[in-house]
Every structure is written in structure tokens, then in C-alpha cells.
Amino acid sequence: MALAWLSVLSLFFMSLVLSQPVDKNGVQSTPATSDLSFPWSRLRLPRYIVPHHYRLLLHPNLTELSFKGSVQIQIDVQNSTNWVVLHSKDLKILQATVLDLNFSHLSDKTLPVLHNPSHEQIGIFSPRVLTSGHKYFLYIEFWGELSEGFSGFYKSTYRTSTGESRTLASTHFEPTSARMAFPCFDEPSFKANFSLRIRRTSEHISLSNMPVAKTVELHRGLFEDRFHPSVKMSTYLVAFIICDFKSVTTTTSSGVQVSIYASAEKWPQTTYALEVAVKMMDFYEKYFDIPYPLPKQDLIAIPDFQSGAMENWGLTTYRETSLLVDPLTSCIADKVWVTMVIGHELAHQWFGNLVTMEWWNDIWLNEGFAKYMEFISVEATYPELRVDEYLLDTCFAAFGYDSMNSSRPICSPAETPTQIEQMFDTISYEKGACVLHMLRHFLTDEVFQSGIVRYLRKFSYRNTHNQDLWDSLSNTCSEEDFLRNEYCYSGREAFRNAYLFSGDHLDLAAMMNTWTLQKGIPLVTVSRKGPYLLLRQERFLTTVMPTDPLWFTLQQGFLWHIPLTFTTDTSGTIRRHLMTAPTDSIHIGSEVNWVKVNTDMTGYYVVHYEDDGWEKMAKVLLENHTALSYKDRTHLIHNAFQLVTAGHLPLNKALDLIGYLRLETHTVPLLKGLGYLELFYRNVERRKETVLTKKLGLYILRFFRAVIDQQTWTDLGSVSERRLRSEVLSLACHLNDPVCVQRAHQTFNDWLLSNYTLNLPTDVAETVYSVGARDDRGWASLFHLYSISLSEAQKNRIMFALTCSTDPNKLKSLLELSLEGKVIRTQDLSSVILMVARNPQGSHLAWNFVIKNWDALVQKLQLASNSIRNIIIGTTRQFSSREDLANVQLFFESIKDQANQLSATQLALDNLEKNIRWCERNLETLRAWLDEQRN
């Protein structure tokens, strides 16, 4: 089929050649642009021209906020044609020409350039045929304005402590915005080398993927930095920045230069990031067994940055909160976040940059791996941070998304920029990471790592599909691979790699396709019949009840190959079983009393214990909870409450299950149980269920009294203890616990009297601020500090406190200021909206603000961005009434053309329906259960 299409394409372009008058040298007369039609109708570029090397010159003007440039692209023509089609968006093309390898022009006239704005493409017509098998240079001069948003080549500003505003220019190209900075073949499979030259004034520096090879002074005050040529890479990884930042630098054990850049006054906050980056680079070179291929790795904190970070090869860019750590105001959670984000972006230098997915439908090969490598790398380099405790929450987040019918497969079609942008979601990141976690435990660490190394070595500087990964992990090798003995196992290693069930070699691709090519999460229902464990799998749904007629339709066609694990009361040995059918059974023996399935939650599935199974689990927790690991205890709590939402378990059984928490000493299960009670509390609080709200609040304070009283208002203890302290004291003060509120008030007043010089314990600073913001004086003082603070970590905590106000006018002013984008940066607009929405006094205020300012929000943040997705889902998830559902549906109908392009709108409706059903089914049960606890 592909060859047939290429033949048709060749004939089509040959007809274009023959349709114009041709002189004796084979040169057509150059037609007027108005006589030409755009030669390409598809979103993805034709494959008949391949770029090899870009020579890019850029001259940004930070005063006029514009840039001009030129690009010379060496191209390889694989089908004779008169046209070159490539990407360009919002650029003014000044002129274009084609040259041969001797730099002779193929035409003595400026070539016609056609634009197809809907596809973000330009077509350049050459009157002389570009011959198949030959190479040429495409030369384009262009001009553009620095973007006002966060994509392409955009402006960023920051203010010094003296009030001076300074401007820099930075790039963010992933996934489809390199075309906003220079004309290019802006698809991941068009890998090429890049040689950059950047012109700047003397007060600035310029940075790019590679080091500067030479700086030339062109004339007084204007310099040109000429960078070393890059390695072969995709356009979305190209980066360049013009700024006045300072840096701190050191080298890794292998000699790679690592530098952290930030604005001068925030330069002291770069020390921790430098330490982390060096450790991570050393770790990854060892883990992947592949040297880092560039001479340097820069990490830079950009004042205006929409996402968390970006993995540009050799020049990773970060939001300031993702890179900078202030020794005085950053809490332990901030350090964990910075460590994880750096681990993520540096993992990409191999996974994503060295080896890249062929197309965006497989973006999880980049993001799922980088997300998972966060945990592997930080656990190896900073074991005291105990990041394994955070992996459970990562998978729980994926469960929440994937249990709705509006979820999607990990590998999903994506063609338009809007569709591609939406692939950067919970499914690609969190579910991708958790499926890899399951696979790693299934194959063993050693086999998983060696397969990853093989994958990276084999496909270095190339593009891949899902199947390439499965082949590398399961020892599927070509004849050529065996002959070269370069990437494949030896016979002994191949035997060790084969995961055997009943003597059959595992078809890893068939197994993993059930996790990547179909959406959803399986529910494994467990029951006992004598010495046998009976298993049944079906699709787990929280948006449709089993009693709903639609339930059976939504179950059709779903089947997973599930790597089950379990332990029993008679043996601590982890037993394994691959479930590939809708039902199955395992002989475990009659002497077994209880079975815990999905040991340590290494598997991506929910477990339901039928008959008296949940009563047995509750009894184990109450009588001997340490018989199960903290991960298993947390898993049981999570699954129980998810099953309540899905209609498989009554709420009172799940609440009874967490009755053991008075005995719990581990942070993770404690916070999971407390988290569900807090979720219920905030839900009934928003619904203005006054009596129920009071009863539940008193119950939480009474039940967790001992835990609350154990907390100190310090930064002492392990990471887990400090995490517990922050969460518990925050909730206690929100529930108006007198002791907590009094202590927070006193600490806040002491801090005010010191004129902000008293160093608050960072673990409790947010709680102190939140209580202090309850009165006008405290709120005004905090707002003033927000406007002058140089610590983004501190500003985040202050903003959270400001949005806790019960004064609607204060909340409204914060929303308006965030839209204005001066005191509160536009990058924080979505966060402020979500913080206000979380406040019971602000949920409808935030939603109405979104409705009123929708067009402005889309203009500032872009329709398909994570910011818009978070606003849609985050504001509507606060609702749980039919009236609110009708209001949301009405708004989505009013923006129908945009809503139909977004997956977030259906997710929001599913979430709202889920909330409504939960309340209809469970509020009375909750009331009755709380009354029983008082008796």
C-alpha cells in the first residue's frame, strides 16, 4: 500500500512539473502566486523531502519584542518535485530560494511561497525540478513577533527588588511550536542537526542546546554567538534563550559541564538544583549504560512558564518552583518536587531525546518513562526522600481518570495540534508510569533494565513505536541483530529473560497491548471456593453503576492480561499468576484464611473481595495490621472507597475498614484514610449540609486526636513525618480545632510583629498563613508580601492562604488580578482559579468567572493546554448537584465548537455525574454511620 501511494504521489508531482512551460534546461517559468494552489492537503508533511541540517540565524529585539532570522536547511529529495512543504506559523516569510550543493541558485527570482494557515504549513515552489536522489539547500528569511503566550519564541519578564522590569526571550516548542520560531519540518521523525547563531547586546547572554563555539562582535554593542552543531534531534527539542541571568557550574564524574541559571537575585536558590542535577546525570549514565552525548547540560529557571519543565536537549527549562529552592522558605515538599522534576527532565535526555517516538500517539514512550524514572532515579540518589511513598498516589491519580468512560487508551490517535497537545495528560504520564512499574516487577529489575538499555542503544538518534520497546524487552531479534551480536541476549540470557507460564514463552507484546491499546482499568473480583481462589475480571467504572442498563454495553470487548500477585496468612511469599481469561482459578489450599491480591500494589488493577472478603481484611487490619505492608494497607483503603463510588461496596464497610487507623503509625495509609474523610467533609461543606458537616468535622478531630496532638510546629523529623505534620495540621486548623487555630494565630502574630523576619517552620507556614489570612489585617499583610517576595515557593503558600478567605470580594479580586497578569503572573492564573474553586465560598464564584472570561482565558492560555484542562475539570469537580450539572452542560453547549475539541469537557461531565450519584447513594449512609459512632 505504501509503495502504491508513493507511486501515485510521484505521478501527481510529475504532473505538476509537466503542466508548466519548461525551457531547454528543464526550468519552468515562475508562475504568479495567485496562479498556484497549495500542493498538499494533509496535516502531516509529505515524506519525499527529508531535512538533514539546519543553519539558523536569529536576531531578537527585546525592546520591540520581535525577531528576524534566516534558516538554511539541507534537504534530501526522495521524489522529484517542484514543491517544498514545511511548517510555519505566525511568521512573515520575507523571501525563499533553493540552492544546489554548490550554493548556486536554482532560480534568479524570489520563489513563490504559499500559506496554508489551517495546517500551519507553507509551500515553496521551485521552477526547476528538485530531482530525486539529490540534495539541496532551502534558504528562507523571516520575521516574527515574540509570542505573548508560553509557546514558540516568547517574551518573559521579571522585576528586580528595586522595581525594575527586565525582559528575556525564551522558547518552548513541544509539541508543535518550533514552527512559530523558524520555518521547519516540525514533526518528531524529521530528526536533523542544528547549527545556531544568535545576535544579542552586551548586557545579555544567549544559550542554546550546545555550547558557544565562538562569539564575534559585529559592531559596537552587538554580538553574535555561534554555537557548536547539535547532535541529530527533533525540532521540538531545539531551544534558545536570550537573558541576563547568572549561573553556577560544576562537572559530572564523566566531565559533562552542568550549569543552573536564574535571575541574579534568585541565583542563591540554585545550589540544591546543581547538586541534584550532577547526581542525576551520573546515575543515568550508569543506569542506561550510555554516555551523555553532549558536552554540557544547562538547567534554567524561566519567570514565565506554563508547564513544570521542558527537556530541550542540553538546555532544560523550568518553572521557577520546579528548579529553585530557597533555604529559608522552601519546605520539604518543595525539595521533593524539585528533585523529581529534575529527575524527570534529565531522564528525557535519553528517553525521548536520544530515542524519540515516531509520532505523538506514542508520547507515553517519552512521558510515561520519564515519569517512572523520577521514582527510580530519586530512590537511588536521595533514598531519604522516600519517593516510593509517592508512587502510590501517582497510580491512584491514574485510576481516578481511567475509571471513567471518557478515558482513552495510552496509545491514541492524534493528528491536529489541539489533539496532540491533549496527549500530555494523566494517561500518558501517570498511567504510563504505573503500567511500566507493573511491567518492571513482572519481568524483574534486572531484565527490565537490560531491555531498556538494549532499546536505547538500538534506536539511538532514531524514532520508535510501541512494538520496538516490547521487542527489546522480550528478546525478539532480527537476523541482522543476531549476526552483529550488538543488541540481543546470549542464549543463557534469553532463557533468563523468558517469563515462563506452564512452559510457554510469554508474548510480551500481546500482554502489553491489552494495557496500551485499550482504555480503562480492570477490576479483579476475588472469592473462595474450598481450596481455590476464584477470579473474575471486568472493566472498572465509577461513572456507570452495575445496575445501569448501559453497564453491560460498556463491558463488551474488554480483556486484560493481568500479572496477578498475592500473599496469604499462611505464607509471606509473593505468588504470581498471569490471568488472561475473563475467569480463572488458583489452588491456594484450604488452610488459608485470607488472601491479599495485588501485593504492594505493583499491578494496575482494582481488587474486590466478594462474600466475607472485606470483613476478613478489616479484621486483619484491626487485629494485626503489620501483617500487611504499608503499601498493602494503603491499597486496601483506596480500593474500598473506590468500590463504594463504583457501587460494589456499601460506604459503611469502607468506613469500618479504616477504623484501625487509630493503631496506624505509617504516614501513607494514615493520609489516605484521612484524605477520604477530608474529601467527604469538603463535599458536604460545599453542599451547605450544616449539621452533617459539623458531625463529620467533630468525628475527624476526635478520631485523629492523638495524631494531631503528636505534631510539633517545627521542621524536625523524617520526610514522612514532616509530610504528615503539614497535612494533619492544615486539616485540623481548617476544621477549627481550637488548639491548632490558637497556635497558628499566635505564630502568625509573632511573625507580623517581626516584620517578616521571623523564620517560620516551612512545614507549617502555609497553615499559619491560612489562619492569619482570616482577618483583614493579616490578609493585607500577606498580599503585600506576595507582591514583593523573591521566593516562588513562599508566594505559592501565601496565595493558597489568600484564597482561603471567606470574603467573596477578596476572592473576586484575586481572580481579576490573575487575569490581569501583573501582580499575579498569567502562568499562575489556572492555579488561582482552582484554589478559589476549592474554597466552599468560592466554588461558584470561580466557575462563574470562567464562564464570563472564557474567551480571555483561551486567548491567554490556549485551548488545548493543560491549564485550560485543569480549569475545566478542577472547577466543575467541586459540584455535586443536578442544578450545577445543568449549568455546566449549558455552558459547554454555548462553546460547542471548542468543547467538541476537548476531552476535558466530557471528563468534567463524567466527574460531576459521579459526584451526584455518590451523594444520592451515600449521604444518608454517612449520616447514619456517624450517629452510630456517637453511641
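The name given to the chain in an unreviewed UniProt entry is Aminopeptidase, and the organism recorded there is Takifugu flavidus. Database annotation for the chain, UniProt heading Subcellular location (unreviewed entry): "Endomembrane system". UniProt, in the comment section headed Sequence similarities (unreviewed entry), describes the chain in these words: "Belongs to the peptidase M1 family."

A tally of regular secondary structure across the chain gives 32 helices and 30 strands. Whereas a compact globule of 935 residues would reach a radius of gyration of roughly 30 Å, the chain reaches 29 Å, a difference of no more than 12%. Its C-alpha atoms give the chain principal-axis dimensions of about 100 × 75 × 60 Å. Counting every position in the chain, which comprises 935 residues, the buried fraction comes to 60%. Looking at the chain alone, contacts between residues at least 24 apart form 71% of all its contacts between residues at least 6 apart.

Enumeration according to the criterion identifies 52 aromatic pairs in this entry. Centroid distance F351 to F369: 3.9 Å. Interplanar angle 10 degrees. Geometry classified as stacked. With F351 in the loop between α3 (332-348) and β20 (355-357) and F369 in helix α4 (residues 364-381), this pair connects stretches of sequence that are 18 residues apart. F369 carries the same exposure label as F351, and that label is buried.

A separate point is the domain arrangement of the chain. You can read the domains of the chain as domain 1 (39-244), domain 2 (358-516) and domain 3 (524-537 + 549-636). Between domain 1 and domain 3, the C-alpha centre-to-centre distance is 56 Å.

Let us now look at the state of the cysteines. Tallied over the full model, the rule gives two disulfides. Linked covalently through their sulfurs, C395 and C434 form a disulfide whose S-S length is 2.1 Å. Disulfide C395 to C434: torsion about the S-S bond roughly -110 degrees, handedness left-handed. Placement of the pair is C395 in helix α5 (residues 388-402) and C434 in helix α7 (residues 426-443), with a sequence separation of 39 residues. Of the residues examined, C395 reaches a relative accessible area of 4% and is grouped as buried. A relative accessible area of 1% means that C434 is categorised as buried.

Here we take up the packing of α5 against α7. It is at 9 Å that the axes of α5 and α7 come closest, and there the two elements cross at 120 degrees. The angle between the axes of α5 and α7 places the two elements in the oblique class. Here α5 and α7 pass one another in a crossing that is left-handed. Contacts from L391, T394, C395, A397, A398, Y401 and D402 of α5 reach α7 at T426, I427, E430, K431, C434 and H437. Split into classes, the residues belonging to the contact of α5 with α7 amount to seven nonpolar, three polar and three charged.

Close contact between helix α28 (residues 854-861) and helix α29 (residues 866-876) brings their axes to 9 Å; oriented N to C, the two are set at 145 degrees. Here W854, L857, V858 and L861 of α28 lie close against α29, whose contacting residues are S867, I868, I871 and I872. Of the residues belonging to the contact of α28 with α29, the class tally is seven nonpolar, one polar and no charged.

What follows deals with the environment of I363. Note that I363 resides in the loop between β20 and α4. Note on I363: relative accessible area 0%, which makes it buried. Spatially, the C-alpha atom of I363 lies 8.7 Å from that of I410, the residues being 47 residues apart in sequence. Setting aside chain neighbours within four positions, we find I363 in contact with E174, M357, M423, F424 and S428.

Glancing now at the sheet that holds strand β4 (residues 92-99). Sheet architecture is open: seven strands sit in the order β4-β7-β2-β1-β10-β13-β12, paired in mixed fashion. The sheet is open, and its two edges are formed by β4 and β12 (212-219), each paired on a single side. Looking at each pair of strands side by side, their axes are set apart by 15 degrees on average, direction ignored.

Now for the side chain of D326. Examined against the element boundaries, D326 turns out to sit in the loop between β19 (315-319) and α3. One buried charged residue, D326, remains without a salt bridge, the closest side chain of opposite sign being R797 at 8.1 Å. A polar contact of 3.0 Å, which involves the side chain of D326, links it to the side chain of T329.

Applying the stated criterion across every chain, the model contains 48 salt bridges. A salt bridge links R47 to E187; the nearest nitrogen and oxygen atoms lie 2.8 Å apart. In this pair, R47 sits in the loop between α1 (2-19) and β1 (49-61) while E187 sits in the loop between β9 (165-172) and β10 (193-201), placing the two residues 140 residues apart along the sequence. Between R166 and D244 there is a salt bridge, and its shortest N-O distance comes to 3.2 Å. Here R166, found in strand β9, pairs with D244, found in the loop between β14 (240-243) and β15 (246-251); they are 78 residues apart in sequence, far enough to count as distant. Owing to a relative accessible area of 30%, R166 belongs among the partly exposed residues under this scheme. By sharing partners, the salt bridges in this structure join K89, E120, R179 and D186 into a single network.

Our next topic: the side chain of S88. Positionally, S88 belongs in the loop between β3 (81-87) and β4. The class for S88 is buried, based on a relative accessible area of 8%.

Once that is clear, we can look at the sheet that holds β3. Pairing in this open sheet of three strands is antiparallel, and the strands run β3-β6-β5 from one edge to the other. Looking along the sheet, the strands with just one partner apiece sit at the ends: β3 and β5 (113-116). Going from strand to strand, the sheet's axes swing by 25 degrees on average, the running direction of each strand aside.

Here we take up the pairing of β14. The two faces of β14 match: F240 and I242 on one face and I241 and C243 on the other face are all buried. Sheet topology places strand β11 (residues 205-208) next to β14; four bridges connect them, and they run antiparallel. In the strand pairing of β14, I205 is matched with C243.

Let us now look at the confidence of the model for the chain. Considering every residue of the chain, the mean pLDDT works out to 93; 93% of them sit at 70 or more. Contacts from residues 482-504, a stretch scored under 50 in pLDDT, to residues over four places away or in other chains number 35 contacts.

Thresholds, definitions, all that
- Residues numbered from 1 in each chain as written.
- Predicted model: local features only at pLDDT ≥ 70, side-chain atom pairs only at ≥ 80, totals over all residues.
- Heavy atoms only, no water.
- UniProt positions renumbered as here; feature names shortened; annotations may be inferred.
- Helix = DSSP H or I, 4+ residues; strand = E, 2+ residues; numbered from the N terminus.
- Rg over C-alpha atoms; globule rule 2.2 N^0.38 Å.
- Buried < 20%, exposed > 50% of the residue type's maximum accessible area, 1.4 Å probe, protein only.
- Contact = heavy atoms within 4.5 Å.
- Phe/Tyr/Trp six-rings, centres within 6.5 Å; stacked < 30°, edge-to-face > 60°.
- Domains from an automatic or database assignment.
- Disulfide = S-S within 2.5 Å.
- Axes fitted to C-alpha atoms, helices over the stretch in contact; angles between N-to-C directions.
- Parallel < 35°, antiparallel > 145°, perpendicular 65-115°, else oblique.
- Left-handed = near helix turned anticlockwise from the far one by under 90°.
- Nonpolar A, V, L, I, M, F, W, Y, C, P; charged D, E, K, R; others polar.
- Pairing = 2+ DSSP bridges.
- Lys, Arg positive; Asp, Glu negative; His and termini not counted.
- Salt bridge = Lys/Arg side-chain N within 4 Å of Asp/Glu carboxyl O.
- Polar contact = N/O pair within 3.5 Å; in protein donor to acceptor, adjacent residues only side chain to side chain.
- pLDDT = per-residue confidence, 0-100.

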